[in-house]
Amino acid sequence: MRNLLFNLMISMLSGIFICLILFPLFALFTATSWSELAGQFKSPLIVSAIIISFQTSLTVVLAALVLGVPMAYLLATKKFPGKEILDTLVDLPICMPPLVVGLALLLLLGGESKFGAFLSGRGVDLIFSRPGIIMAQLFVAGPFLIKSSRQAFEAINENVTKASSSLGASEFHTFRKVLLPLARNGIYAGMVMTWARALGEFGATSMVAGCIPGKTETMTLAIFGYAMSGEMGSSIAIAMLLIVFSFTSLLVFKSRIRKQLPSTQRI
Amino acid sequence: MDIALRQISKSYDGRPVLENLDLDVAAGEFHVLLGPSGGGKTTMVSVIAGLTKADIGSVLIGGRDVSLLPPGRRKVGLVFQDYALFPHLDVFDNIAYGLRVRKLREAKIAQKLKYYLEKTGLEKEKHTFPHQLSGGQKQRVALLRTLVTEPEVLLLDEPMSSLDVLTREQISAELVNIHRKTELTTIYVTHNQAEAFSLGDRISVLHNGKIEQIETPEELFYHPKTEFVARFVGINNILKAKVAATNRYEAVMEINNEGLSQAFMLRAKNYPVFKKGEEINLCLHPEKIDLSKKNEARDNGGNRICGKIAERTNHGNVFKVTIDIGGLALHAVIPKSLFNFQVYEDVWVDFAPDALHPLCGRRCREPEFSRKCHNISSPELVGVCRTDA
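Reading guide: rules and limits
- Numbers given for residues are sequential positions, taken from 1 along each chain in its written order.
- For naming, the first written chain is A and the first written ligand is 1, with later ones following in the order written.
- Restriction of local features to residues with pLDDT of at least 70 applies here, the model being predicted, together with a cutoff of 80 or more for giving and counting side-chain atom pairs; totals for whole chains, interfaces and linings are based on all residues.
- Secondary structure elements follow DSSP: runs of H or I no shorter than four residues count as helices, runs of E no shorter than two count as strands, and numbering proceeds from the N terminus.
- Residue burial is a threshold on neighbouring C-beta atoms within 10 Å of the residue's own C-beta, all placed from the backbone, with 20 or more meaning buried, 12 or fewer meaning exposed, and counts in between meaning partly exposed.
- Each domain's extent was defined by an automatic or database domain assignment.
- By the criterion used throughout, residues are in contact when their C-beta atoms, derived from the backbone, lie within 7 Å.
- In this classification, Asp, Glu, Lys and Arg are treated as charged, Ala, Val, Leu, Ile, Met, Phe, Trp, Tyr, Cys and Pro as nonpolar, and every other residue, Gly included, as polar.
- Here the rule is simple: two strands pair whenever DSSP picks up at least two bridges between them.
- Axis lines are fitted to C-alpha atoms, over the contacting stretch for helices. Their N-to-C directions set the angle, which ranges from 0 to 180 degrees.
- By definition, a nonpolar core groups buried Ala, Val, Leu, Ile, Met, Phe, Trp, Tyr and Cys residues that are joined through C-beta atoms within 7 Å.
- As a per-residue measure, pLDDT reflects the predictor's confidence and takes values from 0 up to 100.

**A short note on the overall build of chain A**
Helices and strands together make up the secondary structure of chain A, namely twelve helices and zero strands. What you see in chain A, going N to C, is helices and strands ordered as α-α-α-α-α-α-α-α-α-α-α-α. In terms of principal-axis extent, the alpha carbons of chain A reach across some 70 × 65 × 30 Å. A buried classification covers 35% of the 267 residues belonging to chain A.

**Here we look at the domain arrangement of chain B**
Interface size is often expressed as the accessible area that is lost when the parts come together. Residues and elements named next belong to chain B. Domain annotation for chain B reports domain 1 (3–223) and domain 2 (229–370). Between domain 1 and domain 2, the C-alpha centre-to-centre distance is 38 Å. Contacts between the two partners involve seven residues from domain 1, matched on the other side by six residues from domain 2. For the side of domain 1 that touches domain 2, the secondary structure elements donating two or more residues are β10 (210–215) and α7 (217–222). Classifying every residue of the side of domain 1 that touches domain 2 by side-chain character gives three nonpolar, three polar and one charged.

**Remarks on the sheet that holds strand β11 (residues 238–246) of chain B**
All names here are of chain B. Read from one edge of the open sheet, five strands run β13-β12-β11-β14-β20, paired in antiparallel fashion. Only two strands of the sheet have a single partner each, and these edge strands are β13 (264–269) and β20 (356–359). When the angles between neighbouring strand axes are averaged without regard to direction, this sheet yields 45°. Bridging between strand β14 (residues 279–284) and β20 involves four bridges; their strand directions are antiparallel. Bridge pairing links Asn281 to Leu359 in β20.

**Description of the interface of chain B and chain A**
Each side of the interface is counted separately: chain B has 21 residues, and chain A has 19 residues. Mapped by element, the contributors of at least two residues to the side of chain B that touches chain A are β6 (76–79) and α2 (91–101) of chain B. Top element by residues in the side of chain B that touches chain A is α2(B). It accounts for three residues. For the side of chain B that touches chain A, the per-class residue count stands at 14 nonpolar, five polar and two charged.

**A closer look at the nonpolar core**
Counting 149 residues, the largest nonpolar core has Ala136(A), Val208(A), Ile48(B), Leu155(B), Leu282(B) and Val349(B) as its most contacted members. In terms of domain composition, this core takes at least three residues from each of domain 1 (3–223) and domain 2 (229–370) of chain B. Residue contacts for Val349(B): discarding those within four places in its chain leaves Ile289(B), Leu291(B), Ile305(B), Cys306(B), Gly307(B), Ile323(B), Ile325(B) and Leu330(B). The next biggest cluster of nonpolar side chains, apart from the first, holds twelve residues, and it includes Ile46(A), Tyr226(A), Ile238(A) and Ala239(A).

**Observations regarding the sheet that holds strand β8 (residues 185–190) of chain B**
All names here are of chain B. Judged by pairing direction, the sheet is mixed, and its six strands sit side by side in the order β6-β7-β8-β3-β9-β10 without closing on themselves. Taken across any chain shown, the strands that pair with only one partner, and hence form the sheet edges, are β6 and β10. Here the average twist between neighbouring strands, direction ignored, is 20°. Pairing of strand β3 (residues 30–34) with strand β9 (residues 202–207), which is carried by four bridges, proceeds in the parallel orientation.

**Quick look at the confidence of the model for chain A**
Residue-level pLDDT values for chain A average 89, and 96% of them are 70 or greater. Confidence over residues 262–267 of chain A falls short of pLDDT 50; this stretch has eleven contacts with residues more than four positions distant or in other chains.

In structure tokens:
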């Protein structure tokens, strides 16, 4: 009887949480008709926002992969002075309000700063440009890949790494042939989370890149812009597309990981 | 290749794990490191393999100081307690790993592995992943993965701790066979005394980062130097004794363990360390104890005390019996065929003087003239009877 009550309570509380997610989605998906929705995607500005969003977010994933995996490996496997500070620093963007991130990047890269002036003098303009969007998104979303990859590296049996060393492998060989393949699910998970976070990034991007239609307007900026100017149809269309993409990619990823786990990760 | 450890010390977070450790393992020797968990055994093999750097001291293999060499250049093979197979690689790729690191041609690797896989009966499993293998198969793969690289020294870190008894016996026989054929210098880590006694040419007992005793199995069992070693090899009868008298052959010892209602005298062989009036710990080998119902004199030169059977536990073909001697718990190992007593029954406990051995912290040998059991023509029984049985 007690178990029944407990399970009932757990189900009810979980149900409330699911409603918190489902009701707003329901409101969004019933706000427009399918024909109206299809019409919105003929607008070149909306198509451009979609293209910019995908271009920048996928570039962010690649950049995070190249820069984040080594950082994750460093934090997971090495002991060095100041490691805790570095670890906290890497996590900081997750806690920082995106607007603050945007402001910081604006101050660093803007023409009035020495660094910004230095870059500008060499023809590199990051403010109000797509590279600026990438920087802002990388700053905000990159830590997700690092966190996930780090956990994956840490989960690998230490003796497996030692076995590789005792068999004569160099650290790089062990990293390439043992650690990367074993951590790949964690890295994939980090890539998906980074991509989803970058795709949905708004605050930092708006501060650094502004909202120039066809040039720096991403999907989230477009949703905000259209909603503010009363064009709710366009705003809803982009929002729905964003949700469909995020949900589908997460679902595909999760089912793929679940299928892979028994054959590669267990011992 | 012989192995020598010189003054090896290692601490983790200020806690010493190995302290000034010296060890010499002869070329071709099968050496067992025996000790309880947390005693530093794994750290020691890790230091030899080069996976852990000692704080001070040096490791010599074949007379060459390898302390600063990376693991791959020491020619040391290490088999881990949990096998540490690469979970994303199948059996073939696991075994081939070390050969590929050495950049052997694939054709050569295939040829070499074919021979080994057939010999170990793993041919059918060569495309199987580690999680699909049994414990024994995993162990064979781990061993093979190390052996194919042709190391000069083999380190086995509790390789059979998670195997069932039958598989353990099989693998144990295979290890002996491999060692006989390859004559590879081997260090085998275990906390299992039975494994140590059956496999080792010599055994080092490691306790709290220090080697308490290095001996052949026979010597270690019959001449433990310390109380820890005695208890670890299964001798739980530690008697606190005071030397009451000595003659050329024998010593009379006054036993006064804590909890004993009344001190009593025992006869032991005379060892050079016995000095009248000195206190010393003795161990009494449980398998050298006889039990009888009647107070009959025996020709073992002996000790006879009476007590009560307090407990009896079943261990295959023997009983482990606890006898209460006036508050002192004495442990005996009695073959089932000779045991016809009831629990709580009064019994006479007999043992010869050579069943007692001093735990003096160093190698205690009895003097030459008394090594063979000295027959006493009319033994005067020494002991105390708690009851009138």
